[in-house]
Amino acid sequence: DAGITQSPRHKVTETGTPVTLRCHQTENHRYMYWYRQDPGHGLRLIHYSYGVKDTDKGEVSDGYSVSRSKTEDFLLTLESATSSQTSVYFCAISEAQQETQYFGPGTRLLVL
Amino acid sequence: GENVEQHPSTLSVQEGDSAVIKCTYSDSASNYFPWYKQELGKGPQLIIDIRSNVGEKKDQRIAVTLNKTAKHFSLHITETQPEDSAVYFCAASISGQNFVFGPGTRLSVLP
């Protein structure tokens, strides 16, 4: 998985609780992305980062925030989880925008 | 906005036969088209990609063709094997932005 790890790999939480997912890379790539994957929708971009402290919204950013304080780490936070955020979350990295993206192993999140 | 359609959504072939998956895109400025393979419980993995200045690219049993005029590109897998069974995603770059992914094709190779 191109030097990308995600933690936790599985999480069950309750509606209304905060959740933070972590993506860590060892490739020193500038761009990092968070996607969610749901049946019938493929991969949809939540947020992405183009450098330390530089982030931007994707297609489905409502209810999510991100932070990137170091090149190697990109955090995705659900401030108050809802059942509609039950999904599989993937982190990806790339050297530049519109260059090949490499994906992590994913985090399966269940919000009850 | 940019839209990527992918067909078929499911595909079953006999081992040894060929499989073809087609994607269409709407942004005429798109210039990079990767294909990913996702096995159960794993993240998508890049298997082949093509840029807009090339019409075809081949890597062993896998090939991708691009028709920029018609705005479609296709993945071709020859001599399919059971380990080719997976979900395949196409993607297209968006001018000045990131990628849009197709909804995926579940390929089953029957022994």
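Because the structure is a prediction, the values reported are computed rather than measured.

Colleague: Before we go on, may I ask you to explain the overall build of chain B in this structure?
Modeller: The number of helices and strands found in chain B is zero helices and 11 strands. Its helices and strands taken in sequence order, chain B reads β-β-β-β-β-β-β-β-β-β-β from the N to the C terminus. Taking 111 residues into account, the globule formula puts the C-alpha radius of gyration at 13 Å, and chain B, at 13 Å, falls close to it. With the C-alpha coordinates of chain B rotated into their principal frame, the extents come out at 45 × 30 × 20 Å. Residues counted as buried form 47% of the 111 residues belonging to chain B. Within chain B, contacts between residues separated by at least 24 positions form 53% of all contacts whose residues are at least 6 apart in sequence. Summing over all exposed atoms, chain B offers an accessible surface of approximately 5300 Å²; the carbon and sulfur share of this is 47%.

Colleague: Mind showing me how you'd approach the side chain of Asp-38 of chain A here?
Modeller: Residue and element names in this part refer to chain A. Mapping Asp-38 onto the fold places it in strand β4 (residues 31–38). Given the relative accessible area of 10%, Asp-38 is considered buried. For Asp-38, the side chain forms a polar contact with the side chain of Arg-36, separated by 2.7 Å. Residue contacts for Asp-38: discarding those within four places in its chain leaves Arg-44, Thr-86 and Ser-87.

Colleague: Help me understand the packing of aromatic side chains in this model?
Modeller: What characterises a pair of aromatic rings is the spacing of the ring centres plus the angle enclosed by the ring planes. In this structure the tally under the stated criterion is 16 aromatic pairs over all chains. Geometrically, the ring pair formed by Tyr-31 of chain A and Tyr-33 of chain A is stacked, given 6.2 Å between the ring centres and 20 degrees between the ring planes. Relative accessible area serves as the criterion here: at 9%, Tyr-31 of chain A is assigned to the buried category. With centroids separated by 5.9 Å and ring planes inclined at 50 degrees, the aromatic side chains of Tyr-36 of chain B and Phe-101 of chain B adopt a geometry described as tilted. Pair noted here: Tyr-36 of chain B is in strand β4 (residues 32–38) and Phe-101 of chain B is in strand β10 (residues 99–101), with a separation of 65 residues, a long-range link. Tyr-36 of chain B sits in the buried class, given a relative accessible area of 0%. Taken together, the aromatic side chains of Tyr-31, Tyr-33, Tyr-35, Tyr-48, Tyr-50 and Phe-103 of chain A together with Tyr-32, Tyr-36, Phe-99 and Phe-101 of chain B make up a single cluster linked through ring pairs.

Rules used in this analysis
- Residues numbered from 1 in each chain as written.
- Chains lettered and ligands numbered in written order.
- Predicted model: local features only at pLDDT ≥ 70, side-chain atom pairs only at ≥ 80, totals over all residues.
- Heavy atoms only, no water.
- Helix = DSSP H or I, 4+ residues; strand = E, 2+ residues; numbered from the N terminus.
- Rg over C-alpha atoms; globule rule 2.2 N^0.38 Å.
- Buried < 20%, exposed > 50% of the residue type's maximum accessible area, 1.4 Å probe, protein only.
- Contact = heavy atoms within 4.5 Å.
- Areas by Shrake-Rupley, 256 points an atom, 1.4 Å probe, with all protein chains shown as cover.
- Polar contact = N/O pair within 3.5 Å; in protein donor to acceptor, adjacent residues only side chain to side chain.
- Phe/Tyr/Trp six-rings, centres within 6.5 Å; stacked < 30°, edge-to-face > 60°.

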